[in-house]
Amino acid sequence: MGLLGKLIFFIFLQITLSQGKTHVRLTNRLGSGSKLTIRCQSKDDDLGTHVLPPDGSFEWSFTPNFFVVNTLFFCRIQSSSKVLSFDAYVQERDEFKCRDRCFWDVLPDGPCLIKGGGNYDICYKWPKEIGAGIEQGKSKDMHIP
């Protein structure tokens, strides 16, 4: 391997090793003793179903795809008769918005992404109809407060 090849390999190795993990967390902030059932997954990983007590959280971490910006995790959440599917992590949207920590509070109005200072950046609304919701990868349906 020539000098140029070694240099390219070294740069590739540095970029790959410096790419840190991203953490996504959903926290039940529904209040009034309400439990929250969640199931999150990507194309490759199903993280299973979890029941969160009030103020309980579920968190996972992963390394986003470096060469093709296409990492996506979506979640289906349910509280009593309300069900919603939403994009919890979209690499193109979130890699610079929340960097390595994308933390969501699931509120009585729906899940909201926390930004610095404790404010909310992106919020999804619970659907008015039982079982309605946003399909995976359709985050254009969200509203921003």
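What you are looking at is a predicted structure, and each value in this text was computed from that prediction instead of being measured.

**Q** Before we move on, could you go through the pattern of salt bridges and cite the residues and values that matter?
**A** Going through the model one piece at a time under the given rule, you end up with 6 salt bridges. Of the charged contacts, one joins D105 and R29 as a salt bridge, the two residues approaching to 3.5 Å between their closest N and O atoms. Of this pair, D105 sits in strand β7 (residues 101–107) while R29 sits in the loop between β1 (22–28) and β2 (36–41); the two residues are 76 residues apart in sequence, bridging distant segments of the chain. Given a relative accessible area of 8%, D105 falls into the buried group. On the accessibility criterion, R29 (36% relative accessible area) is partly exposed. Overlapping salt bridges, with partners in common, bring together R29, D55 and D105 in one network.

**Q** Which residues make up the environment of N119, and what are the values?
**A** By the element assignment, N119 lies in the loop between β8 (110–114) and β9 (120–123). When near neighbours in sequence (up to four residues on either side) are disregarded, N119 contacts L113 and I114.

**Q** Hey, could you go over a nonpolar patch on the surface for me, with residue numbers and the actual values?
**A** Taken together, F66, F67 and V68 make up a surface patch of nonpolar side chains, about 310 Å² in accessible area. Positionally, F67 belongs in the loop between β4 (57–62) and β5 (72–79).

**Q** Any chance you could break down unusual backbone geometry for me, citing the residues and the numbers?
**A** For residues besides glycine, phi is generally negative; the peptide bonds are generally trans as well. Of note, the phi angle at D55 is positive, near 65°, even though the residue is not glycine. Take D55: it is sitting in the loop between β3 (46–52) and β4. A positive phi angle, near 45°, is found at S80, a position not held by glycine. For S80, the position within the fold is in the loop between β5 and β6 (82–90).

**Q** Could you give me a rundown of the state of the cysteines, with the residues and numbers involved?
**A** Here the structure, examined in full by the defined rule, presents 3 disulfides. There is a disulfide in this structure between C40 and C75, and the S-S distance comes to 2.0 Å. Given an S-S torsion of about 110°, the disulfide between C40 and C75 has right-handed geometry. Here C40 is found in strand β2, whereas its partner C75 is found in strand β5, with 35 residues between them in sequence. Exposure class is identical for C40 and C75. Each is buried. Residue C112 pairs covalently with C123 via a disulfide, S to S 2.1 Å. Measuring handedness by torsion sign, the sulfur bridge of C112 and C123 sits at about 120° and is right-handed. Here C112 is found in strand β8, whereas its partner C123 is found in strand β9, with 11 residues between them in sequence. The burial state of C112 is the same as that of C123; both residues are buried. Should the bonded cysteines of the protein be numbered as they appear in the sequence, the pairing reads 1-2, 3-4, 5-6.

Parameters at a glance
- Residues numbered from 1 in each chain as written.
- Predicted model: local features only at pLDDT ≥ 70, side-chain atom pairs only at ≥ 80, totals over all residues.
- Heavy atoms only, no water.
- Salt bridge = Lys/Arg side-chain N within 4 Å of Asp/Glu carboxyl O.
- Helix = DSSP H or I, 4+ residues; strand = E, 2+ residues; numbered from the N terminus.
- Buried < 20%, exposed > 50% of the residue type's maximum accessible area, 1.4 Å probe, protein only.
- Contact = heavy atoms within 4.5 Å.
- Patch = residues over 30% accessible without salt bridge, like charges linked within 9 Å, V, L, I, M, F, W, Y side chains within 5 Å.
- Areas by Shrake-Rupley, 256 points an atom, 1.4 Å probe, with all protein chains shown as cover.
- Disulfide = S-S within 2.5 Å.

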